[in-house]
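Next come the chains, spelled out residue by residue.
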Amino acid sequence: MLSCHGIDGKTLTPAADADLPAGCIWFDLLDPSEDETRRVERASGLKLPSQEQIRAVEMSSRVRFDDEALYLNVPFFTHDEDQPPTPFGLIVTASSLVSIRYADSPAFDLAVQALHATTQHGGAAAFASLIGAIVGQIADRMEAITATTGALSLRILCDQRHTTAMLRATLSEVGRLESRLTRARLTMTGLLRIIVFTHESAPDWIAKPEGMRLKLAHKDLDVLSELDGQLTDKLQFLLDAVLGFINIDQNDVMKILTVASVASIPPVILVGVWGMNFVRMPELKWNYGYPMALTAIVLSMVIPVLWFKRRGWL
């Protein structure tokens with residue numbers, strides 16, 4: 001899908017086989033067809049990269065400055081934890097911005113609103129608006145992950161006894177949080193690289209207001225990167241805590257089985273002794289021999305259990 005955003009505050013979806021509207025400063029391509037790619041190339045005078053070129057991870061393919069145009073690629077971009085990362089490419093010139101993406105993202109809608117609200121025009125203004133919106137979305141995701149991690153920490157480290165089902169569910173939740181954090185980290189890393197390259201190349205057509213907005217986005221990403229490191233350490237600690245609780249439960253089970261096996265040895269010996277077929281066994285002629293045998297068997301089990309309890313092994 002192809003959308004054009006102009007300086008008049010309008011967003012247009014061009015009709016098929018029609019000329020692109022004049023005054024368009026942002027060509028937004030969402031999973032474009034070959035025809036849409038050719039139309040944007042004719043209107044902008046730029047050569048658009050393919051999806052394979054945008055997905056390339058080598059630095060020379062991610063960022064470059066060619067013929068007064070910035071070619072900036074983010075190989076892994078996602079706004080949704082349920083979506084796989086997709087490549088995302090930008091071409092920025094003094095007069096226009098071309099964005100090529102392969103998944104929908106609410107950050108682009110926010111960027112359109114920010115672009116229409118600003119008094120600055122041109123490709124740099126659209127680029128700064130888009131980067132600011134994406135960084136804002138990442139910050140919201142990081143805040144949500146932080147809140148979820150805090151709630152999970154309170155649930156894991158509470159005084160209540162944890163069941164096996166709860167510990168298994170917690171392990172899965174820690175894994176999901178780590179996956180969400182990893183996807184946000186991939187997007188942040190890609191954005192940091194293109195912002196740093198933009199600052200280093202510093203084309204003349206990037207005005208001071210746009211430069212300040214990009215610098216602010218850079219600082220926000222630095223703060224979010226620090227938060228990412230803290231959350232990574234926190235999730236590792238929670239993972240170790242859950243595994244520790246699982247080991248404690250396993251040790252408790254083994255302790256109970258050990259106590260049960262030890263407590264069952266004396267009665268087995270007694271039953272084995274009284275089950276022998278000897279002619280002369282005095283207990284067979286006692287009037288209370290049977291109750292005495294049962295009592296001895298019970299005591300042989302109870303006494304070891306009480307002794308274990310007294311030693312604090314239960």
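For the structure, see preceding data.
Residues numbered from 1 in each chain as written. Predicted model: local features only at pLDDT ≥ 70, side-chain atom pairs only at ≥ 80, totals over all residues. Heavy atoms only, no water.

Quick notes on the packing of aromatic side chains
Next, step 1: Overall, the coordinates contain 1 aromatic pair when judged by the stated rule.
Next, step 2: Arranged with centres 5.0 Å apart and planes meeting at 35°, the rings of F77 and F88 form a pair that is tilted. Separated by 11 residues along the polypeptide, F77 in strand β5 (residues 69–77) and F88 in strand β6 (residues 86–92) bring together distant segments of the chain.
Next, step 3: Residue classification places F88 among the buried residues on the basis of a relative accessible area of 1%. (Phe/Tyr/Trp six-rings, centres within 6.5 Å; stacked < 30°, edge-to-face > 60°. Helix = DSSP H or I, 4+ residues; strand = E, 2+ residues; numbered from the N terminus. Buried < 20%, exposed > 50% of the residue type's maximum accessible area, 1.4 Å probe, protein only.)

Details of the nonpolar core
Next, step 1: Counting residues in hydrophobic clusters, the biggest one holds 53 residues, and the most contacted among them are W26, L72, L130, I131 and L191.
Next, step 2: Taken together, the elements giving at least two residues each to this core come down to β3 (24–30), β5, β6, α4 (106–117), α5 (123–156), α6 (164–201) and α7 (208–274).
Next, step 3: In this view, I131 contacts L90, L191, I194, I195, L214 and A217; residues no more than four positions away in its chain are not counted.
Next, step 4: Grouped together as the second largest cluster of nonpolar side chains are 15 residues, F27, I54, A69 and Y71 included. (Core = buried A, V, L, I, M, F, W, Y, C linked by side-chain atoms within 4.5 Å. Contact = heavy atoms within 4.5 Å.)

Looking at the pairing of strand β7 (residues 97–101)
Next, step 1: Of all 5 residues that make up β7, 5 are buried, and the element is covered over most of its length.
Next, step 2: What you see with β7 is no split at all: L97, S99 and R101 on one side and V98 and I100 on the other are buried throughout.
Next, step 3: Where β6 and β7 come together, 5 bridges link them in antiparallel fashion. Looking at β7, one finds that V92 is bridged to L97.
Next, step 4: Between β6 and β7, which pair antiparallel and follow one another directly, the connecting turn spans 4 residues. (Pairing = 2+ DSSP bridges.)

A closer look at the pairing of strand β1 (residues 2–6)
Next, step 1: For β1, the tally of buried residues reaches 5 of 5 residues, placing the bulk of the element in the interior.
Next, step 2: Of the two faces of β1, the one holding L2, C4 and G6 and the one holding S3 and H5 are both buried throughout.

A few points about the pattern of salt bridges
Any two side chains of opposite charge can pair, so long as their charged atoms come close to each other.
Next, step 1: Taken as a whole, this structure holds 6 salt bridges when the rule is applied.
Next, step 2: Note that R38 and E34 form a salt bridge whose closest N and O atoms lie 3.9 Å from each other. One end of the pair is R38 and the other is E34, both in helix α1 (residues 34–44) and 4 residues apart, which spans about a single turn.
Next, step 3: Residue D104 is joined to R101 by a salt bridge in which the shortest nitrogen-to-oxygen separation is 3.5 Å.
Next, step 4: On the basis of relative accessible area, D104 is assigned to the partly exposed category, the value being 46%. (Salt bridge = Lys/Arg side-chain N within 4 Å of Asp/Glu carboxyl O.)

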